[in-house]
Amino acid sequence: MGKADFLSPKAIANRIKSKGLQKLRWYCQMCQKQCRDENGFKCHCMSESHQRQLLLASEDPNKFMDYFSDEFKSEFLELLRRRFGTKRVHNNIIYNEYISDREHVHMNSTQWETLTDFTKWLGREGFCKVDETPKGWYIQYIDRDPETIRHQEEQARRKKQELDDEERSAKFIEEQVRRGRDSKETEVIVSSFSSVLGASALKASTSSTKRKDPSSGSDSSRAEKKKKSALEEIKEMEEKRRMKQSVRTDYWLRPDIVVKVVTKRLGEKYHKKKAVVMEVKDRYGAVVKMVDSGDKLKLDQNHVETVIPAPGKRVVILNGPHRDTEAVLEGIDEKNFSASLTLDSGQQKGKRVDIAYEDFSKLA
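Residues numbered from 1 in each chain as written. Predicted model: local features only at pLDDT ≥ 70, side-chain atom pairs only at ≥ 80, totals over all residues. Heavy atoms only, no water.

The chain goes by DNA/RNA-binding protein KIN17 in an unreviewed UniProt entry, where it is assigned to Labrus bergylta. Note on the chain: under the UniProt heading Sequence similarities (unreviewed entry), the record states "Belongs to the KIN17 family." UniProt's Subunit (unreviewed entry) comment on the chain is quoted here verbatim: "Associated with DNA polymerase alpha, RFC1 and cyclin A, in multiprotein DNA replication complexes. Also associates with replication origins at the G1/S phase boundary and throughout the S phase in vivo." (UniProt positions renumbered as here; feature names shortened; annotations may be inferred.)

Next comes the structure, spelled out in C-alpha cells:
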C-alpha cells in the first residue's frame, strides 16, 4: 500500500501526533528520541545507534545519571524561580509546565523515581521549602541570590534604624511629659513634631493641665522658662536627628578596625572569628586578616559585623554625624542596643554621645 497523501486525514493525524507529547515509557533519554508506540520503541532499542549509546553509558553509568539529574534539577528550579518566584505552589503544577517542553530531561533518566522523591530531596538540600497537605506536596523556592539577600538585609537594617530613632524620640517626649506633671506646668507639651515622631510619641504626649494663681509671678515665670527649655530641647533633638539621617550612608567599612565574620559559607574555621580590616574595596568589600590564623580573606560588609570591646577601650565611629571620629567606650545600654562614647578627637573632643552598636567598632 502506498504512502498516504500529504493532505489526507491520516497524514494530517500523523503530523499532529508527532508534534504533541507522547508516552514517557516510549522515550529514550540516551538517544533523545521519542517513539510513538511500543513497536517503534522496540525497533529503536534494536537499532545500531542505540546500541552504541548503551556501550558508552555502560563505561560510566553514574556519570550519565548525574548529568541528567543535574540538568533536570537546574531546569526545574529555573522554571520555578522565573514562573512563580518565591510563591508557594503545588509541585504537580510546576512539573506539568516543565514537561510541556518536548526537549525536557525525563525523570526516568535521573536518580529520582517519582516527583515526590524529587520534592523531598529539594527540601532536604535547602533549595525549597516543602510541606505535605491532603492535596499533595507544595514547594516554595528559596531565593539565595547574593544581590537579593543583600537588598533584604539592607531593608531590615533601615527599618530597624527608623524604629530605634522613633523609640528614642518617644522616650524623650515621655520624659518631658513626666517633668511637666511633676512641676505642674500650665500647659501640655504639644507635639508639633507629631508627623515626624510617629503615633507612639503622640500617645505619650497627653497630660492634664492645672491653673496657677496669677499672683505668683515668680512661679509662673519659672514654669514658662522651663516650658521653653523643653521645647527647645525637642527642637534641638529633632535637628540632630535630621542631621544624623542626612550624613548616614549604607557603607561603613574602614581600615584598622576589628570585625567578626558572621557568614557560614566559609566553614566553621572562620565563623564567629575576629579579623582586622586591612584594605577597603569599592566601599562595600574589604580584605581582612584573621586574628587567630593570620589568613587573608576578601569579604563583603554583609559577611561581617562590628565588635564591641570592654568599657574603657578605644573605638571608632563608622556612621552618622561623628563618622571617622575616635572615641572611648564608657558604657553599654543593652536595652536600647547602644553604647555611651566619649569623643577623643575632632572639634567636639570630650563630648559624650550615644551610638548604636552597628555604628562603631573596636580599633585594631
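Having put the structure on the table, let's press on.
So, the overall build of the chain
In terms of helices and strands, the chain carries ten helices and 15 strands. Counting all 364 residues of the chain, 34% fall into the buried class. Relative to all contacts within the chain whose residues are 6 or more apart in sequence, the contacts with residues 24 or more apart total 51%. Accessible area of the chain: about 23,300 Å², with a carbon and sulfur share of 50%. (Helix = DSSP H or I, 4+ residues; strand = E, 2+ residues; numbered from the N terminus. Buried < 20%, exposed > 50% of the residue type's maximum accessible area, 1.4 Å probe, protein only. Contact = heavy atoms within 4.5 Å. Areas by Shrake-Rupley, 256 points an atom, 1.4 Å probe, with all protein chains shown as cover.)

A closer look at the packing of aromatic side chains
Under the defined criterion, the tally for this structure stands at 13 aromatic pairs. Judged by centre distance (6.0 Å) and plane angle (25°), the ring pair of F72 and F76 falls under stacked. Here the residue F72 and the residue F76 both occupy positions in helix 4 (residues 61-84), the gap between them amounting to four residues, near one helical turn. Classification of F72 as buried rests on a relative accessible area of 0%. Between F76 and F118, the aromatic rings sit 5.0 Å apart at their centres with planes inclined by 90°, giving edge-to-face as the arrangement. Of this pair, F76 sits in helix 4 while F118 is found in helix 6 (residues 115-125), placing the two residues 42 residues apart along the sequence. Comparing F76 with F118 shows no difference in burial state: the two are buried. The ring centre of F84 lies 4.6 Å from the NZ or CZ of R83, which sits over that ring. Residue placement shows R88 over the ring face of Y138; its charged tip is 4.2 Å from the ring centre. (Phe/Tyr/Trp six-rings, centres within 6.5 Å; stacked < 30°, edge-to-face > 60°. Lys NZ or Arg CZ within 6 Å of the ring centre and 35° of its normal.)

Re the sheet that holds strand 15 (residues 360-362)
Read from one edge to the other, the open sheet built from five strands follows the order 14-13-12-11-15, with strand pairing classed as antiparallel. The outermost strands of the open sheet, each flanked by one partner alone, are strand 14 (352-356) and strand 15. The average undirected angle you get between the axes of adjacent strands in this sheet is 45°. Note that strand 11 (residues 314-317) and strand 15 share three bridges and pair antiparallel. The residue bridging I317 from the neighbouring strand is F360, located in strand 15. (Pairing = 2+ DSSP bridges. Axes fitted to C-alpha atoms, helices over the stretch in contact; angles between N-to-C directions.)

Regarding unusual backbone geometry
Of note in this structure, D324 is not a glycine but carries a positive phi near 65°. Even without a glycine there, the phi angle at F337 is positive, about 55°. Taking relative accessible area as the criterion, F337 reaches 46% and is therefore assigned partly exposed.

Concerning the pairing of strand 7 (residues 274-281)
Along a regular strand, successive side chains alternate from one face of the sheet to the other. Here strand 6 (residues 258-261) pairs with strand 7 via three bridges, running antiparallel. By the bridge assignment, V258 is partnered in strand 7 with V276. The turn joining strand 7 and strand 8 (residues 285-290), which pair antiparallel and follow one another in sequence, is formed by three residues; a positive phi near 55° is taken by D282.

Some words on the sheet that holds strand 4 (residues 128-133)
Read from one edge to the other, the open sheet built from three strands follows the order 3-5-4, with strand pairing classed as antiparallel. In this open sheet, the two edge strands, each paired with only one partner strand, are strand 3 (88-90) and strand 4. Neighbouring strand axes in the sheet, compared pairwise and without regard to direction, differ in orientation by 30° on average.

Quick notes on the side chain of T325
With respect to the helices and strands, the residue T325 is situated in the loop between strand 11 and strand 12 (326-333). Accessibility expressed as a relative area gives 14% for T325, which makes it buried. Ignoring sequence-local partners within four residues, the contact set of T325 consists of V315, V316, I317, L343 and S345.

What to know about the side chain of T119
Counting through the fold element by element, T119 comes out in helix 6. A polar contact of 3.0 Å, which involves the side chain of T119, links it to the side chain of N91. Setting aside residues up to four positions removed in sequence, T119 forms contacts with N91, V130, W137 and I139. (Polar contact = N/O pair within 3.5 Å; in protein donor to acceptor, adjacent residues only side chain to side chain.)

Regarding the environment of R157
Mapping R157 onto the fold places it in helix 7 (residues 146-182). Using a relative accessible area of 28% as the deciding quantity, one classes R157 as partly exposed. Separated by 93 residues in sequence, R157 and D250 have C-alpha atoms that sit 9.4 Å apart. Sequence-distant contacts of R157, that is, excluding residues within four places in its chain, are made with Q301 and N302.

Observations concerning the pattern of salt bridges
Following the criterion strictly, the structure yields eleven salt bridges and no others. When the shortest N-O distance is used, the salt bridge between E279 and K281 registers 3.2 Å. A salt bridge links R314 to D344; the nearest nitrogen and oxygen atoms lie 2.3 Å apart. In this pair, R314 sits in strand 11 while D344 sits in the loop between strand 13 (338-343) and strand 14, placing the two residues 30 residues apart along the sequence. (Salt bridge = Lys/Arg side-chain N within 4 Å of Asp/Glu carboxyl O.)

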